[in-house]
Amino acid sequence: MTAKNPLRVLIVDDNHDQADSLAVLLQLRGYESKVAYCAKTARDLAAAFQPDALIVDLNMPQINGYDLVGQLRGQLTQATFIAATGMVGEAYRQKALEAGFAHYFVKPINVAKLRETLEGIKAAQDSPA
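I will try to describe carefully the structure that is included in this document. Just so you know, these numbers come straight off a predicted model, no measurement behind them.

## With respect to helix α3 (residues 65-72)
- Along α3, the positions that sit buried rather than exposed are G65, Y66, L68, V69 and L72. Relative to the axis of α3, the buried residues are bounded by an arc of 165° and lie together on one face.
- Residues of α3 that are buried make contact with β1 (8-12), α2 (39-49), β3 (53-57), β4 (80-85) and α4 (90-99).
- In this structure N64 caps α3, since a side-chain oxygen of it lies 3.0 Å from the backbone nitrogen of Y66.

## A few points about the sheet that holds β4
- Read from one edge of the open sheet, 5 strands run β2-β1-β3-β4-β5, paired in parallel fashion. The sheet is open, and its two edges are formed by β2 (32-36) and β5 (103-106), each paired on a single side. Recorded for the sheet is a direction-independent mean angle of 20° between the axes of neighbouring strands.
- In the sheet, β1 pairs with β2 via 5 bridges, with the strands oriented parallel. Its bridge partner being in β2, L10 is matched across the sheet by K34.
- In this fold helix α1 (residues 16-28) packs onto β1, β2 and β3, with an angle of close to 170° to the strand it touches most, β2.

## With respect to the packing of aromatic side chains
- Under the criterion given, the structure shown has 0 aromatic pairs.
- Above the ring of Y66, the side-chain terminus of K95 is found at 4.4 Å from the ring centroid.

## Details of the environment of R43
- Topologically, R43 is positioned in helix α2.
- Setting aside chain neighbours within four positions, we find R43 in contact with I63, L68, Q71, L72 and Q75.

## Overview of the environment of R115
- With respect to the helices and strands, R115 occurs in helix α5 (residues 111-126).
- Ignoring sequence-local partners within four residues, the contact set of R115 consists of R29 and Y31.

## Section: the packing of α2 against α3
- It is at 11 Å that the axes of α2 and α3 come closest, and there the two elements cross at 25°. Taken together, α2 and α3 sit at an angle that is classed as roughly parallel. Like other packed secondary-structure pairs, α2 and α3 cross with a definite hand, here right-handed. The residues of α3 that touch α2, namely those facing A39, A42, R43 and A46, are L68, Q71 and L72.
- Classifying every residue of the contact of α2 with α3 gives 5 nonpolar, 1 polar and 1 charged.

The rules behind each value
Residues numbered from 1 in each chain as written. Predicted model: local features only at pLDDT ≥ 70, side-chain atom pairs only at ≥ 80, totals over all residues. Heavy atoms only, no water. Buried < 20%, exposed > 50% of the residue type's maximum accessible area, 1.4 Å probe, protein only. Helix = DSSP H or I, 4+ residues; strand = E, 2+ residues; numbered from the N terminus. Arc of directions from axis to C-beta. Contact = heavy atoms within 4.5 Å. Polar contact = N/O pair within 3.5 Å; in protein donor to acceptor, adjacent residues only side chain to side chain. Pairing = 2+ DSSP bridges. Axes fitted to C-alpha atoms, helices over the stretch in contact; angles between N-to-C directions. Phe/Tyr/Trp six-rings, centres within 6.5 Å; stacked < 30°, edge-to-face > 60°. Lys NZ or Arg CZ within 6 Å of the ring centre and 35° of its normal. Parallel < 35°, antiparallel > 145°, perpendicular 65-115°, else oblique. Left-handed = near helix turned anticlockwise from the far one by under 90°. Nonpolar A, V, L, I, M, F, W, Y, C, P; charged D, E, K, R; others polar.

As structure tokens, this is what we get:
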């Protein structure tokens, strides 16, 4: 990943420690990351930040991750949505994919696989259309 054009990643999770830790880890790997602890903040931040990828917790108070993706998909047409959840099972994964998530990670997130996913997103963006 080039430092001049890092992948922008928005992390949306009501668990502050998990969100902040993941943001720092991504920054150390060369990504530009920002954190939102609720869906409302995520909507506001997404408009200004224009993330390339969003890592979204599915279980959040007020507005869950499924609904948030529904609200943001029209605004962030080029972004890739990644579900991050403690819910295990094919039914949950399928529901996330149907809601608009491209990837599904069970917490604790396998950082190597997440990085591989983010590198794939970056490579797809950088390839000529």
